[in-house]
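Single-letter residue listing:
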Amino acid sequence: MSDNESFMKQALILARRAYDLNEIPVGAIVVKSGKIIGKGYNQIEQLQDATAHAEIIAITSAANYLKSWKLKDCDLFTTLEPCIMCSGAIFNSRIRNVFFGAYDKQFGGCSSLYNLCNDPRLSHRSGIKGGIMEIDCSWILNEFFQKLREK
């Protein structure tokens, strides 16, 4: 198993936590020098906060750990392609690389709809790699939305 898959499995554990709380199941971690320094999962419903996305929480957690908003030597692993808001946070925090599982054709801000994390007009660009454990990451999302439709 590659390091990317190992870290994505950790993000999937967090996505499962969100799923169990009836949140859209997305999990994210921030890694620096092979160590997880930030974790997050969607908590929008729980906190009644539209910005409580997994990526935002993981970035905040990592910044608190480092006592710095600059995460330039850090990588983000998330189970779903970051949205436009999260892509802005990735840009602002200077994250080095973004690795994601499932593509998001409706809201994706890193490749599907927009590529904000790699826009040459901006002063910082992140490396982007999607499709890591895509089947597993898509499955939990599909399962969640199927369960919602059945209600």
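Rules and cut-offs
- Numbers given to residues run from 1 along each chain, matching the order in which its sequence is written.
- Per-residue local features of the predicted model are confined to residues with pLDDT of at least 70, and side-chain atom pairs are confined, for both listing and counting, to 80 or more; whole-chain, interface and lining totals are unaffected and use all residues.
- Think of the side-chain values as coming from all heavy atoms in the structure, minus any hydrogens and water.
- The disulfide definition used here is simple: a pair of cysteine sulfur atoms within 2.5 Å.
- A pair of strands counts as paired when DSSP detects no fewer than two bridges linking them.
- Helix numbers and strand numbers start at the N terminus; a helix is a DSSP run of H or I with at least 4 residues, a strand a run of E with at least 2.
- As a rule, the C-alpha atoms of each element are fitted with a line to give its axis, helices using only the stretch in contact, and angles between N-to-C directions run from 0 to 180 degrees.
- Contacts between residues were defined by any pair of non-hydrogen atoms, one from each residue, lying within 4.5 Å.
- Burial classification: accessible surface area is computed with a 1.4 Å probe over protein chains only, and a residue below 20% of its type maximum counts as buried, one above 50% as exposed, and the rest as partly exposed.
- Only the six-membered ring of Trp is used, alongside the rings of Phe and Tyr, when aromatic pairs are assigned; centres must lie within 6.5 Å, and planes under 30 degrees apart are stacked while those over 60 apart are edge-to-face, with the rest tilted.
- To sit over a ring, a charge needs its Lys NZ or Arg CZ within 6 Å of the ring centre and within 35 degrees of the ring normal.
- Just to be clear on terms, a salt bridge is a Lys or Arg side-chain nitrogen sitting within 4 Å of an Asp or Glu carboxyl oxygen.

**Student:** Whenever I open this one, the state of the cysteines confuses me. Can you help?
**Tutor:** As used in these notes, a disulfide is a covalent bond between sulfur atoms, one from each of two cysteines. Scanning all chains against the criterion turns up zero disulfides. Unpaired in this structure, C83 has its nearest cysteine sulfur neighbour in C86, at a distance of 3.7 Å.

**Student:** Sorry if this is basic, but what is going on with the sheet that holds strand 4 (residues 97–102) here?
**Tutor:** Two modes of strand pairing occur in sheets, parallel and antiparallel, and in both the strands are linked by backbone hydrogen bonds. Pairing in this open sheet of five strands is mixed, and the strands run 2-1-3-4-5 from one edge to the other. Each of the sheet's edge strands pairs with one partner strand only, and the pair in question is strand 2 (35–41) and strand 5 (127–129). Here the average twist between neighbouring strands, direction ignored, is 15°. Note that strand 1 (residues 27–32) and strand 3 (residues 74–80) share five bridges and pair antiparallel. Pairing of I29 across the sheet is with F77, part of strand 3. Lying over the sheet, helix 3 (residues 54–66) contacts strand 1, strand 2 and strand 3, oriented at roughly 140° with respect to strand 2. Helix 5 (residues 134–150) contacts strand 3 and strand 4 of the sheet and is inclined by roughly 60° relative to strand 4.

**Student:** I tried to follow the pairing of strand 2 on my own but got confused; where do I start?
**Tutor:** Each regular strand shows side chains that alternate between the opposite faces of the sheet. Pairing analysis gives six bridges linking strand 1 to strand 2, with the strands arranged antiparallel. Each residue of the ladder has a partner; that of V31, found in strand 2, is I36. Connecting strand 1 to the next strand, strand 2, in antiparallel fashion are two residues, including S33 with a positive phi near 50°.

**Student:** Is there a simple way to explain the side chain of Q43 in this structure?
**Tutor:** If you trace the backbone, Q43 turns up in the loop between strand 2 and helix 2 (44–47). Residue classification places Q43 among the buried positions, given a relative accessible area of 13%. Ignoring sequence-local partners within four residues, the contact set of Q43 consists of E23, Q48, A52 and I57.

**Student:** Where do I start with the packing of aromatic side chains in this structure?
**Tutor:** When we look at a pair of aromatic rings, we describe it by the centre distance and by the angle of the planes. Taken as a whole, this structure holds five aromatic pairs when the rule is applied. With centroids separated by 6.0 Å and ring planes inclined at 65°, the aromatic side chains of Y19 and F144 adopt a geometry described as edge-to-face. Taken as a pair, Y19 in helix 1 (residues 3–20) and F144 in helix 5 lie far apart in primary sequence, 125 residues in all. The pair Y19 / F144 is uniform in exposure class, with both members buried. Between F100 and Y103, the ring centres sit 5.0 Å apart and the planes meet at 85°, which makes this aromatic pair edge-to-face. The ring of F91 has R94 lying over it, and the distance from NZ or CZ to the ring centre is 5.5 Å. One Lys or Arg, K147, reaches over the ring of Y19 and ends 4.5 Å from the middle of that ring.

**Student:** How do you make sense of the pattern of salt bridges when you look at a structure like this?
**Tutor:** Pairing between side chains of opposite charge can happen when the charged atoms of each approach one another. Under the definition given, this model contains three salt bridges. With a closest N to O distance of 3.9 Å, D20 and R16 form a salt bridge. Within this pair, D20 and its partner R16 are both found in helix 1, separated by four residues, close to a single helical turn. By relative accessible area, D20 is classed as exposed at 53%. The salt bridge involving D75 is made with R96; its shortest N-O contact spans 3.1 Å. Separated by 21 residues along the polypeptide, D75 in strand 3 and R96 in the loop between helix 4 (84–93) and strand 4 bring together distant segments of the chain. Among the residues examined, D75 registers a relative accessible area of 11% and is labelled buried. Classification of R96 as partly exposed rests on a relative accessible area of 37%.

Everything listed here is a matter of geometry and, on its own, says nothing about what the molecule does.
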